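# Chains, contacts and geometry: an overview
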Amino acid sequence: MNKKLKLMTTMAAISVMVLGIFSGCAKGKEEKASSDYTIKIGYYNCDHMTAGPIAKSAGIYEKMGLKVDMTGNGKVPQAMSAGQMDAGYISISGALNSPKNNVPLVLGANNHEGGSYYLVVSNDVKDPKNLLGKTLGIGSKPQEDLSWQTISKSLSISQEGKDYDAINMNSDKDAYLALKSGQIKGYTACDPWASMAEYENTGKIMYEYKGPDNKPGICCAFTLNKNFISEHKDLAEKLVKAHVEAVKYMYEHPVKSAKIFAETYMVPEEVALMTIYKKTAEIGRTITWEVKPDNIRREIKARQEVGSIDGNVKYEDIIDKDFLESVKVDNFDDFIKDKVEKNFPLGMKYEDWKVKATEIDK
């Protein structure tokens, strides 16, 4: 080999080594940054969001090496919708309106399929028409809300907010407390705030909303900030997997989950148990991580028809197909078949379910 060729070969080898060193340093810094990063996650006090506090309290985040700062209150949907959190459990309406608000949100996983949303009224309301003119926690523009449109139509009462003293509530819990103290005559909410009213005999469920045209849609979702995915893809993938494990935990350990639920939402354990039973065994397997395109498209169409979301939003605006495919998670139906059905068959009576659940988690 002549001297010139030998020198060029040597220089090339050194270049590869130097690049390798710098590449390794960059990779090391990136890994350190991810491992040191504290993920900001939000949820609010609705049973559809329970996977979040379960992942925290059951040690799932810790087991996966995730550092998490979790916030649970009525302002979380707004904070997530404003892009102030890395991830959050929010209503599908907030997620679907995020493109219009220039907030970079996408679905990381499903969270709750269907409606399971209730109109709760005080015990002295004997007829739906008694609600006309009364103060209700149904939002200031209920006519633009898909669930209220369905509820009011089914009960043959006005959809228009002007026909009620329709007000916004900070949270479902605030609505429940307002009914309990006599400040309002009714409200719409998810559980446990419907079950709590009946448990304490301070109100009753007048109607249950189950989804667009009584078909499954997507009520709430586990959403991720696109910037978080871009900057910490490894953490984003782990976070989705942690969500999946939390949902599994709810199905396989309902009593332990109910204890976390009760402590988080400050309700009696019996209310927490009844709520988990409804979502995992009675009305269906509505707590799920599976993203079903048809259900999401049905939800988008129905909400656009009532004007509650931007008419231009598309399925692709909130779904990052490449990211979802990169996160390898178990098939939900296979999980139910292999791990849940033998202990908790669908439609199992509450008393039998509770006995089996207590036996498993004793």
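For the structure, see preceding data.
Note that the coordinates shown come from a computational prediction; the quantities given were computed from them, not determined experimentally.

Taken as a whole, helix H6 (residues 146–154) has its buried residues at Leu146, Ser147, Trp148, Gln149, Ile151 and Ser152. Of the surrounding secondary structure, the elements contacted by the buried residues of H6 are strand E5 (117–121), strand E8 (186–190), strand E9 (204–209) and helix H13 (293–306). Taken from the residues just after H6, serine 156 is the one with a positive phi, measuring 60°.

It is worth spelling out the packing of helix H10 (residues 233–252) against helix H11 (residues 254–265) at this point. Interaxial distance between H10 and H11 falls to 5 Å at its minimum, and their mutual angle equals 115°. Overall, the two elements H10 and H11 adopt an arrangement that is roughly perpendicular. Every residue of H11 that contacts H10 at Tyr249, Met250, Tyr251 and Glu252 is listed here: Pro254, Lys256 and Ser257. In terms of residue class, the contact of H10 with H11 is built from four nonpolar, one polar and two charged.

This next bit is on the pattern of salt bridges. What the rule picks out here adds up to 19 salt bridges. In this structure, the salt-bridge partner of glutamate 269 is lysine 259, at a minimum N-O distance of 3.3 Å. Of the two residues, glutamate 269 sits in helix H12 (residues 269–282) while lysine 259 sits in helix H11, which places them ten residues apart along the sequence. Taking the relative accessible area as the measure of exposure, glutamate 269 reaches 41% and is therefore partly exposed.

All right, on to the side chain of asparagine 110 then. Among the secondary structure elements, asparagine 110 is positioned in strand E4 (residues 105–112). On the accessibility criterion, asparagine 110 (3% relative accessible area) is buried. Setting aside chain neighbours within four positions, we find asparagine 110 in contact with Ile218, Cys220, His243, Thr288, Trp289, Glu290 and Val291.

Throughout the structure, instances matching the rule amount to one disulfide. Bridging cysteine 46 to cysteine 190, the disulfide has an S-S length of 2.1 Å. Of this pair, cysteine 46 sits in the loop between strand E1 (38–43) and helix H2 (51–57) while cysteine 190 sits in strand E8, and the two are 144 residues apart along the sequence. Of the two residues, cysteine 46 and cysteine 190, both sit in the buried class. For cysteine 219, which is in no disulfide, the shortest distance to another cysteine sulfur is to cysteine 220 and amounts to 3.4 Å. The class for cysteine 220 is buried, based on a relative accessible area of 2%.

With that settled, the discussion passes to unusual backbone geometry. Between aspartate 191 and proline 192 the backbone carries a cis peptide bond, its omega angle lying at 10°. As for its position among the elements, proline 192 is in the loop between E8 and helix H8 (193–199). Positive phi, close to 55°, is recorded for methionine 266, a residue that is not glycine. Within the secondary structure, methionine 266 is located in the loop between H11 and H12. A relative accessible area of 61% means that methionine 266 is categorised as exposed.

A few words now on the sheet that holds E9. Taken in spatial order, the five strands line up as E7-E6-E8-E5-E9 in an open sheet, and their pairing is mixed. Lying at the two open borders of the sheet, with one neighbouring strand each, are strand E7 (165–166) and E9. As judged from the five bridges shared by E5 and E9, these two strands associate in the antiparallel manner. Its bridge partner being in E9, valine 121 is matched across the sheet by lysine 204. This element, H6, spans E5, E8 and E9 of the sheet and lies at about 115° to E9.

Under the defined criterion, the tally for this structure stands at 14 aromatic pairs. Relative to tryptophan 193, the ring of tyrosine 176 lies with its centre 5.7 Å away and its plane at 40°, an arrangement referred to as tilted. Of this pair, tyrosine 176 sits in helix H7 (residues 172–180) while tryptophan 193 sits in helix H8, placing them 17 residues apart in sequence. Classification of tryptophan 193 by relative accessible area gives buried; the value is 1%. An angle of 90° between the planes, with centres 5.0 Å apart, marks the rings of tryptophan 289 and phenylalanine 332 as edge-to-face. Of this pair, tryptophan 289 sits in the loop between H12 and H13 while phenylalanine 332 sits in helix H16 (residues 332–340), placing them 43 residues apart in sequence. Both residues of the pair, tryptophan 289 and phenylalanine 332, count as buried. Site record: aromatic cluster; members linked through ring pairs are Tyr251, Trp289, Phe332 and Phe335. In this arrangement the basic side chain of arginine 297 is found over the ring face of tyrosine 315, its NZ or CZ atom lying 4.1 Å from the centre.

Calculation rules
- Residues numbered from 1 in each chain as written.
- Predicted model: local features only at pLDDT ≥ 70, side-chain atom pairs only at ≥ 80, totals over all residues.
- Heavy atoms only, no water.
- Buried < 20%, exposed > 50% of the residue type's maximum accessible area, 1.4 Å probe, protein only.
- Helix = DSSP H or I, 4+ residues; strand = E, 2+ residues; numbered from the N terminus.
- Contact = heavy atoms within 4.5 Å.
- Axes fitted to C-alpha atoms, helices over the stretch in contact; angles between N-to-C directions.
- Parallel < 35°, antiparallel > 145°, perpendicular 65-115°, else oblique.
- Nonpolar A, V, L, I, M, F, W, Y, C, P; charged D, E, K, R; others polar.
- Salt bridge = Lys/Arg side-chain N within 4 Å of Asp/Glu carboxyl O.
- Disulfide = S-S within 2.5 Å.
- Pairing = 2+ DSSP bridges.
- Phe/Tyr/Trp six-rings, centres within 6.5 Å; stacked < 30°, edge-to-face > 60°.
- Lys NZ or Arg CZ within 6 Å of the ring centre and 35° of its normal.

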